[in-house]
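# Survey of secondary and tertiary structure
Take a look at the letters that make up each chain.
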Amino acid sequence: MNDLAQLIAAAESDFAAAPTPAELENAKARFLGKAGRVTELLKALGALPLEEKKTRGAEINQAKLRIEGALNARRDALAEAELNKQLQAEALDVTLPGRQRGGGSLHPVSRTIERIEAIFASMGFDVAEGPEIETDWMSFTALNNPENHPARSMQDTFYVDMKDEQGRWLNLRPHTSPMQVRYARIHAARNAGVKPMPEVRVIAPGRVFRVDSDATHSPMFHQIEGLWLGENVSFKDLKVVFAALVREFFETDDFDVRFRPSFFPFTEPSAEIDIRFGSGPLAGKWLEVAGSGQVHPNVVRNFGLDPEAQIGFAFGIGADRFAMLRYGIDDLRLMFDGDLRFLSQFA
Ligand code: DAH
């Protein structure tokens, strides 16, 4: 093997032994750098006679090309190894099934409230919402609740350990009835002096709170308050409105509505509203779904309206009860557990 063949072999083995690009560049310098072995050979050419210089020069250049070829091959190999390492580190398993986006849906109670709102809106009722933290006056006093009425007691009502700016105790509203007061007072103020006073026709859905918990009671539940006041609004109208609600909501004509005498401080007379389906799984059973009554004159006065001119009725619907009847749910607690196995059935 002549000296050039040896030189090529030495370069090839040095390049192959370089484990990183940096070390490969060091090896390159030993052969092709300014003081490298190939450069030294080329410098030595000057001392040779012309003919020899030509052949030897051509041979050295051949060897240089081989060495450069080996260098480039090793550079490529190192770059590819580096790339493979990186690809492996960032490996993507394209056979994994994709992540499914869960289909969200409205809660059955929200759906129920939306349906009831639409039905009342079609009968000309406004929809109003109000605060869940209320004053004593709104929750009880304005609604003609005597100071010693049991609904005020600690057993039923969640009191908030805090007073408002006027020093009134606050509570988590135990019913949506304070919304009658809030809405009617705004109505009265806005229409002060207008003759005749325009009718009040509103429903107010929302959360209410009571110290109570079992299969049919939850400390938080939903009511839909209703109020219709005018110059000549009577129980007969309530009956018509309520029957329309039941017919539209449950999508059936096969039912009866019954008004059962009852007591509420804010209405006189008062009635519980029961419904009975003629067919279906609940056929034949009277089901209590709302409280109602003719609005008490004291309450109309607290609205800032004239009880001689404005009469009408109010009602409080159990929204959760409507949802349970429509969807065939028998335990109220299921509604508020947040269990996806239950909720996804309504998706
Ligand atoms: N607020 C009553 C309750 O929570 C329900 C009720 C009864 C509302 C009669 C009314 C009404 O508006 O007139 O038990």
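These numbers were taken from a predicted model, which means no experiment stands behind them.

## Let's talk about the overall build of the protein chain
Helix and strand content of the protein chain: twelve helices and ten strands. Taking 20 Å as the expected radius of gyration for a compact globule of 347 residues, we find that the protein chain reaches 44 Å, considerably beyond that expectation. In terms of overall dimensions, the protein chain has a C-alpha envelope of 135 × 50 × 40 Å along the principal axes. Counting the 347 residues in the protein chain, one finds 39% classified as buried. Put simply, the protein chain has 40 plus and 49 minus side-chain charges, and the middle of one group is 5 Å from the middle of the other.

## As for the domain arrangement of the protein chain
Its domain assignment divides the protein chain into domain 1 (2-89) and domain 2 (108-346). A straight line from the C-alpha centre of domain 1 to that of domain 2 covers 93 Å.

## What about the site of the ligand?
Within the structure, the ligand sits among 15 residues, and His175, Ser177, Arg210, Gln223 and Glu225 are positioned closest to it. Between a nitrogen atom of the ligand and a side-chain N or O atom of Ser177, the distance comes to 3.0 Å. In this structure, Gln223 approaches the ligand through a side-chain N or O atom, which is 2.9 Å from an oxygen atom. Protein chains bury 91% of the 350 Å² of accessible surface belonging to the ligand in isolation. Broken down by secondary-structure element, the contributors of at least two residues to the shell around the ligand are strand 6 (220-230), strand 9 (287-295) and strand 10 (311-318). Its residues placed into classes, the shell around the ligand shows four nonpolar, nine polar and two charged.

## Side note on the pattern of salt bridges
Evaluation of the coordinates by the stated rule reveals 17 salt bridges. When the shortest N-O distance is used, the salt bridge between Asp164 and Arg168 registers 2.9 Å. Arg247 is paired through a salt bridge with Asp253; the nearest N and O atoms lie 4.0 Å apart. Residue classification places Arg247 among the partly exposed residues on the basis of a relative accessible area of 35%.

## Section: the packing of aromatic side chains
What the rule picks out here adds up to 15 aromatic pairs. Relative to Phe315, the ring of Phe242 lies with its centre 6.4 Å away and its plane at 85 degrees, an arrangement referred to as edge-to-face. Residue Phe242 is located in helix 8 (residues 235-250), and its partner Phe315 is located in strand 10; the two are separated by 73 residues in the primary sequence. Taken as a pair, Phe242 and Phe315 share a single burial class, namely buried. Here the aromatic residues Phe120, Phe125, Trp228, Phe242, Phe313 and Phe315 are joined through ring pairs into a cluster of three or more. If you follow Arg115 out to its NZ or CZ, it ends over the ring of Phe249, 5.1 Å from the centre. Between the NZ or CZ atom of Arg326 and the centre of the ring of Phe249, over which it lies, the distance is 5.7 Å.

## Here we look at empty space enclosed by the protein
The tally for this structure, following the rule as stated, stands at one cavity of 30 Å³ or more. Volume-wise, the largest cavity comes out at about 30 Å³. Together, Met179, Gln180, Val202, Ala204, Glu225, Gly226 and Leu227 line the largest cavity. Sorting the residues of the lining of the largest cavity by element identifies helix 7 (178-190), strand 5 (200-209) and strand 6 as the ones contributing at least two each.

## Quick notes on the sheet that holds strand 10
Spatially, the seven strands line up as an open sheet ordered 1-5-6-10-9-8-7, and their pairing is mixed. Looking at strand neighbours, the two that pair on one side only are strand 1 (126-127) and strand 7 (255-264), the edges of this open sheet. Of the strands in this sheet, strand 1, strand 5, strand 6 and strand 10 touch helix 5 (residues 108-121), which is tilted by about 170 degrees from strand 5.

## Focus: the pairing of strand 10
Strand direction decides the pairing type here: strand 6 and strand 10, joined by eight bridges, are antiparallel. When the bridges of strand 10 are listed, Gly226 appears paired with Phe315. Relative to strand 10, strand 9 runs antiparallel, the two being bridged by five bridges. For Ser292, the partnering residue across the bridge sits in strand 10 and is Phe315.

## Let's talk about the layout of surface pockets
Looking at the second largest pocket, its volume works out to about 280 Å³. Around the second largest pocket, the lining is made up of 15 residues, and of these Ser110, Ile113, Gly206, Arg207 and His222 lie nearest the centre. Looking at the lining of the second largest pocket, the element that brings in the most residues is helix 5, giving four residues. Grouping the amino acids of the lining of the second largest pocket by side-chain chemistry returns five nonpolar, five polar and five charged.

## Details of the pairing of strand 3 (residues 158-163)
When strand 3 meets strand 4 (residues 169-172), the two strands line up antiparallel, connected through four bridges. Counted as the bridge partner of Val160 is Leu170 from strand 4.

## Quick notes on the nonpolar core
If you look at soluble globular proteins, the nonpolar side chains tend to sit buried side by side. One finds Phe120, Phe242, Leu245, Ile317 and Phe322 to be the most contacted residues of the largest nonpolar core, which totals 39 residues. With eight residues, helix 8 is the largest single contributor of residues to this core. Apart from the residues lying within four places of it in its own chain, the contact partners of Phe242 are Ile273, Val289, Ala290, Ile317 and Phe322. Listed in part, the 22 residues of the second largest apolar core include Ala142, Leu143, Met179 and Val299.

The rules we used
- Residues numbered from 1 in each chain as written.
- Predicted model: local features only at pLDDT ≥ 70, side-chain atom pairs only at ≥ 80, totals over all residues.
- Heavy atoms only, no water.
- Helix = DSSP H or I, 4+ residues; strand = E, 2+ residues; numbered from the N terminus.
- Rg over C-alpha atoms; globule rule 2.2 N^0.38 Å.
- Buried < 20%, exposed > 50% of the residue type's maximum accessible area, 1.4 Å probe, protein only.
- Lys, Arg positive; Asp, Glu negative; His and termini not counted.
- Charge placed at Lys NZ, Arg CZ, Asp CG, Glu CD.
- Domains from an automatic or database assignment.
- Near = heavy atom within 4 Å.
- Polar contact = N/O pair within 3.5 Å; in protein donor to acceptor, adjacent residues only side chain to side chain.
- Areas by Shrake-Rupley, 256 points an atom, 1.4 Å probe, with all protein chains shown as cover.
- Nonpolar A, V, L, I, M, F, W, Y, C, P; charged D, E, K, R; others polar.
- Salt bridge = Lys/Arg side-chain N within 4 Å of Asp/Glu carboxyl O.
- Phe/Tyr/Trp six-rings, centres within 6.5 Å; stacked < 30°, edge-to-face > 60°.
- Lys NZ or Arg CZ within 6 Å of the ring centre and 35° of its normal.
- 1 Å grid on protein atoms, 1.4 Å probe; cavity = no way out; pocket = protein on both sides within 12 Å on 5 of 7 lines; lining within 4 Å.
- Points joined across faces, edges and corners; volume = space filled by probe spheres on them.
- Pairing = 2+ DSSP bridges.
- Contact = heavy atoms within 4.5 Å.
- Axes fitted to C-alpha atoms, helices over the stretch in contact; angles between N-to-C directions.
- Core = buried A, V, L, I, M, F, W, Y, C linked by side-chain atoms within 4.5 Å.

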